[in-house]
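# Chains, contacts and geometry: an overview
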Amino acid sequence: PATEPPVTEPPAPPVTEPPATEPPVPDQLGVNPKDSAGMVLIPAGKFRMGSSINNARAFCGKYASICDTVKSQTPQHVVTLDAYRIYKYEVTNAMFALFADATGYRTDAERLGYGRVWDNGNESSVINGADWRHPTGPGGGISGLDAHPVVQVSWNDALAYCQWAGLRLPTELEWEKELIGLYLSEHPLRRVAGRMADVVTAMIGDLDLSMAGQPVT
């Protein structure tokens, strides 16, 4: 009897995975698509980091309790950094709420049941029920304060936010270089007054504006 020739199936085309679609990244757009935060470019270059010996001595004469911390910032030295981007403004209550609602994250203060509240910028006290939604305690709130910087967040909380946003926390060097830039700009933090201004000044140097943040050879 006649037999049919075997049916030969054509070879299947190779399976090609579609190329992975990378989400837009902040350093391409200048805006983080995760939370719509604007970012600014800090150009590569050198800057003077730390505090001078004379500035540290003057500060220690005022605030002996944190003199050792200030001394640890000496001597002032030259640091070279690559370019990087950093948020133009602080993370706001609205931005942190977006993160918390999307992830169900609970901050350290929420889990522990308390936070620290500063009194007149000099001393802090443990307040039960203080957290980022209630910055001053159970009687406080953030209604109408969406655009204000979030507070009552720990290093762990900040790290979790950065991971959700696809970023990382700045290094100490990056933070200090950007902070010097604040003092050379019209950013509101430049006008901070009182003891905290002294603290910031000691931590980032003499703030001789003829030198701070300028290119170093």
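Anyway, here's the lowdown on the structure attached to this text. Each chain has its residues counted from 1, running along the sequence as written. Only residues with pLDDT of 70 or above have their local features reported here, since the model is predicted, and side-chain atom pairs are shown and tallied only from 80 upward, although totals for entire chains, interfaces and linings are computed over all residues. In computing side-chain properties, one takes all heavy atoms of the structure into account and sets aside hydrogens as well as water.

Looking only at helices and strands, the protein chain features eight helices and seven strands. Put simply, the protein chain has 217 residues, and 33% of those count as buried. Partitioning the intrachain contacts of the protein chain with sequence separation of at least 6 by distance along the chain shows that 68% fall at a separation of at least 24. Only the protein chains shown count as covering a residue, and every accessible area follows the Shrake-Rupley method with a 1.4 Å probe. A total accessible area of about 14000 Å² is found for the protein chain, and carbon and sulfur atoms account for 57% of it. Where helices and strands are cited, they refer to DSSP runs of H or I of at least four residues and of E of at least two residues respectively, numbered from the N terminus. Buried, partly exposed and exposed residues are distinguished by accessible area as a fraction of the type maximum, computed with a 1.4 Å probe on protein chains only: under 20%, between the cut-offs, and over 50%, respectively. Contacts are assigned to residue pairs with any non-hydrogen atoms lying within 4.5 Å of each other.

This part covers the pattern of salt bridges. In what follows, salt bridge is the name for a side-chain nitrogen of Lys or Arg lying within 4 Å of a carboxyl oxygen of Asp or Glu. The full count for this structure, using the stated rule, is four salt bridges. Asp-108 is the salt-bridge partner of Arg-111, the closest N and O atoms lying 2.2 Å from each other. With Arg-111 and Asp-108 both in helix α5 (residues 108-112), this residue pair falls three residues apart, about one helical turn. Owing to a relative accessible area of 12%, Asp-108 belongs among the buried residues under this scheme. A salt bridge links Glu-110 to Arg-133; its shortest N-O distance comes to 3.9 Å. Within this pair, whereas Glu-110 is found in helix α5, its partner Arg-133 is found in the loop between β7 (123-128) and α6 (155-165), the two being separated by 23 residues in sequence. The class for Arg-133 is partly exposed, based on a relative accessible area of 33%.

Right, let's talk about the packing of aromatic side chains for a bit. Each pair of aromatic rings is reported with the distance of its centres and the angle of its planes. Pairing of aromatic side chains here covers Phe, Tyr and the six-membered ring of Trp, requires ring centres within 6.5 Å, and sorts the geometry by plane angle: under 30 degrees stacked, over 60 edge-to-face, intermediate tilted. Under the criterion given, the structure shown has seven aromatic pairs. Geometrically, the ring pair formed by Phe-96 and Tyr-161 is stacked, given 6.0 Å between the ring centres and 10° between the ring planes. With Phe-96 in helix α4 (residues 93-103) and Tyr-161 in helix α6, this pair connects stretches of sequence that are 65 residues apart. Side by side, Phe-96 and Tyr-161 carry an identical accessibility label, which is buried. A ring pair is formed by Phe-99 and Trp-164, whose centres lie 5.5 Å apart and whose planes are at 50°; its orientation type is tilted. Of the two residues, Phe-99 is situated in helix α4 and Trp-164 in helix α6; the sequence distance between them amounts to 65 residues. Owing to a relative accessible area of 2%, Phe-99 belongs among the buried residues under this scheme. Judged by its relative accessible area of 15%, Trp-164 is buried. One aromatic cluster in this structure is built from Phe-96, Phe-99, Tyr-105, Trp-132, Tyr-161 and Trp-164.

Together, Leu-112, Tyr-114 and Val-126 give the surface a local cluster of nonpolar side chains, amounting to about 280 Å² of exposed area. You can see Val-126 is positioned in strand β7. Judged by its relative accessible area of 45%, Val-126 is partly exposed. Only residues above 30% relative accessible area that lack a salt bridge enter a patch, with like-charged residues linked at up to 9 Å and the nonpolar side chains Val, Leu, Ile, Met, Phe, Trp and Tyr linked at up to 5 Å.

Now for the sheet that holds strand β2 (residues 37-42). A pair of strands is labelled paired if DSSP reports no fewer than 2 bridges between them. Here three strands make up an open sheet; going across it, the order is β1-β2-β5 and the pairing antiparallel. With partners counted over all chains shown, the strands left at the sheet margins are β1 (31-32) and β5 (84-87), one partner each. Examined bridge by bridge, β2 and β5 share four bridges and lie antiparallel to one another. Its bridge partner being in β5, Val-40 is matched across the sheet by Ile-86.

Purely geometric stuff here, so don't read any function into it on its own.
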